[in-house]
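Architecture at a glance
Below are the chains, spelled out letter by letter.
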Number of protein chains: 2
Amino acid sequence: MDRVDKILAQWKRERPDLDTEAMGIMGRLKRLTTHLAREVDQVLQQQGLSSSSFDVLATLRRSGAPYRLSPGDLLSMTMVSSGTMTNRIDQLEKAGLVERVLNPDDRRSVLIALTEAGLAAVETAVGLHVANQQRLTQGFSAEEKEQLDGLLRKFLATFE
Amino acid sequence: MDRVDKILAQWKRERPDLDTEAMGIMGRLKRLTTHLAREVDQVLQQQGLSSSSFDVLATLRRSGAPYRLSPGDLLSMTMVSSGTMTNRIDQLEKAGLVERVLNPDDRRSVLIALTEAGLAAVETAVGLHVANQQRLTQGFSAEEKEQLDGLLRKFLATFE
DNA sequence: ACCACGTATCTTGACGTCAAGATAAATGGC
DNA sequence: GCCATTTATCTTGACGTCAAGATACGTGGT
C-alpha cells in the first residue's frame, strides 16, 4: 500500500465508476521520475552544474571531437524549445564552459564548442552521474532491469 | 534502435569505459515522462486547466465531501514546496475554482474549498483525464501493464 | 499568565521553461 | 540577378517552480 495506492483507494470510494489501472501506472511514473530527478540534480549540483547544463555539455561531449554542434543540432537532440536552448547556451557561455564560434559555412548559424574547462567539467561529471544512476537502479536484478528497460522501450516507441 | 540507443552508442564510442545500462533505463524514463506530460497537459488545457491546477482540484475532489483541505494537507499530498502551493491556490482562487475559508479551529490556517464551479470543472476533467491515460497505455496487454506497474512500484518504494 | 518554541502559511527573488514572434542569412524559381 | 520563401537563431513576456526567510498564530512548561 504505497502513496499511489492510497490515491487510487480515494478515487475508488469517491468515483467507483473510474477505471484506475492506467492512473496507477501514470502516477507511479510521475512520482518516480520526480524523485529520480532530485537525486540526479543533487550529484550534478555538487559539480556546479544544473541538469539542464549537463544535458548540453554531455550532448557535446558524446558527439566526439572537436566537441562542436550548432544550436539546431543540440535542439534536435534534447526535447526543449529553441528559446530554452538559447538560454542554456547563454548560461554555459557565462560560466566559460562553452563558447559560440562563428560558422564559416553559414552566417545564420554558430557552433557551440566545449571549452577546455567545459570538457574537464563534463568528463568529471559524467563519471559521477553514471555511478549515481547505477546506485539508483541497484535494487533491481539484472533480469528486472532488462524487463523494465524493455517495457519502457515499448512505451517510448509510442511517441518517437 | 531508438533515440536512447543512439545516445548510448555515442557514449560507447567516446567513453567505452562507462557502463550504460542504468543510463538507458533512466534516459527512457525521462524521455517517456516528458512525452506523457505533454499528452496529459493537452487534454487538461482543453478544459482550461494546467496539470498543476488539476492536481490540486483532483486532490480536493478525491478527499470527499465537503471538498476542503488545508494548504498543509494539500502540500503533504503533492510533492511541491509551500511557495508553489500558495501560488497554485492563488491561481485557482483567481479563476473562481476554489476559495479560502477561515479555519475556525486554528487562525494560522485556512481551508481550501472547491467552489461549485471548481467541483464541476474537476468532475468533467477527471473523466477526460482518465480516458486519456487509458488511451496512452492501450498499447500494452493486461499482463504487460501489470508487469510495468509492479516494477514501478518496486522502484518507487526506494524513495517513499 | 508568560514566553520560547513549534507550526501553518505566505512572500521574495532567482531559475528554467515555453510559445510566439523578431531578425538575419541562405536558397530557389523565375 | 532578384525577391519570396525557408531556415537558424535569438528575443520577449508569461508561467510554474524552489529555497530561504518572514509573518502570524498556537502550545506547553514553568
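Residues numbered from 1 in each chain as written. Chains lettered and ligands numbered in written order. Predicted model: local features only at pLDDT ≥ 70, side-chain atom pairs only at ≥ 80, totals over all residues. Heavy atoms only, no water.

A few words on helix α6 (residues 116–136) of chain B. Residues and elements named next belong to chain B. Taking 1.5 Å per residue as the helical rise, α6 with its 21 residues ought to reach 30 Å, and the 30 Å between its terminal C-alpha atoms agrees with that figure. Every buried residue of α6 is accounted for by G118, V122, A125, V126, H129, V130, N132, Q133 and L136. Taken down its axis, α6 places every buried residue within 160° of arc, on the same side. (Helix = DSSP H or I, 4+ residues; strand = E, 2+ residues; numbered from the N terminus. Expected span 1.5 Å × (residues − 1). Buried < 20%, exposed > 50% of the residue type's maximum accessible area, 1.4 Å probe, protein only. Arc of directions from axis to C-beta.)

Contacts between the two partners involve 61 residues from chain B, matched on the other side by 61 residues from chain A. With both chains or domains summed, chain B and chain A bury close to 6,800 Å², and 65% of this area falls on carbon and sulfur atoms. The interface formed by chain B and chain A holds 14 salt bridges in total. Of the charged contacts in the structure, one is a salt bridge between R153(A) and D5(B), with a shortest N-O distance of 2.5 Å. Across the chain B-chain A interface, the total number found is 24 residue pairs in polar contact (both at pLDDT 80 or more). Going through the elements one at a time, α1 (3–14), α2 (21–46), α3 (51–62), α4 (71–78), α6 and α7 (142–157) of chain B are the ones with two or more residues in the side of chain B that touches chain A. Considering each element in turn, the side of chain B that touches chain A owes the most residues, 17 residues, to α2(B). Partitioning the side of chain B that touches chain A into residue classes produces 27 nonpolar, 13 polar and 21 charged. (Contact = heavy atoms within 4.5 Å. Buried area = accessible area lost by both parts, 1.4 Å probe. Salt bridge = Lys/Arg side-chain N within 4 Å of Asp/Glu carboxyl O. Polar contact = N/O pair within 3.5 Å; in protein donor to acceptor, adjacent residues only side chain to side chain. Nonpolar A, V, L, I, M, F, W, Y, C, P; charged D, E, K, R; others polar.)

Looking now at the domain arrangement of chain A. As a measure of interface size, the accessible area lost when the parts come together is often cited. All names here are of chain A. Here the domain parsing of chain A yields domain 1 (1–47) and domain 2 (50–157). Contacts between the two partners involve 8 residues from domain 1, matched on the other side by 11 residues from domain 2. For the pairing of domain 1 and domain 2, the buried interface totals around 870 Å² over both sides, and the portion due to carbon and sulfur atoms is 74%. The three residues of domain 1 that bury the most area against domain 2 are V43, L44 and Q47, which together make up 51% of that side's buried surface. The interface formed by domain 1 and domain 2 holds 1 salt bridge in total. Across the pair R135 and E39 runs a salt bridge, and its minimum N-O distance is 3.0 Å. (Domains from an automatic or database assignment.)

A few words on the packing of helix α3 (residues 51–62) of chain A against helix α5 (residues 82–94) of chain A. Residues and elements named next belong to chain A. α5 packs onto α3 with a crossing angle of 90° between their chain directions and a minimal axis gap of 10 Å. The angle between α3 and α5 falls in the class roughly perpendicular. On α5, the residues touching S52, S53, D55, V56 and L57 of α3 are M85, R88 and L92. Among the residues forming the contact of α3 with α5, the class breakdown is 4 nonpolar, 2 polar and 2 charged. (Axes fitted to C-alpha atoms, helices over the stretch in contact; angles between N-to-C directions. Parallel < 35°, antiparallel > 145°, perpendicular 65-115°, else oblique.)

Turning our attention to the relation of the copies chain B and chain A. Mapping chain B onto chain A calls for a screw motion: a turn of 180° about the axis and a shift of 0.0 Å along it, with 0.0 Å RMSD after fitting. Put plainly, the chains are arranged around a two-fold axis. Within chain B, L148(B) has its C-alpha nearest the rotation axis, a separation of 3.4 Å. The overlap is high: 100% of the interface residues of chain B also sit at the interface in chain A, so the same surface is used on both sides. (Least-squares fit on C-alpha atoms with pLDDT ≥ 70 in both.)

This part is about the pairing of strand β3 (residues 110–114) of chain B. All names here are of chain B. Relative to β3, strand β1 (residues 68–69) runs antiparallel, the two sharing 2 bridges. Paired with R68 across the bridge in β3 is A113. Pairing between strand β2 (residues 98–102) and β3: 5 bridges, direction antiparallel. For L102, the partnering residue across the bridge sits in β3 and is V110. (Pairing = 2+ DSSP bridges.)

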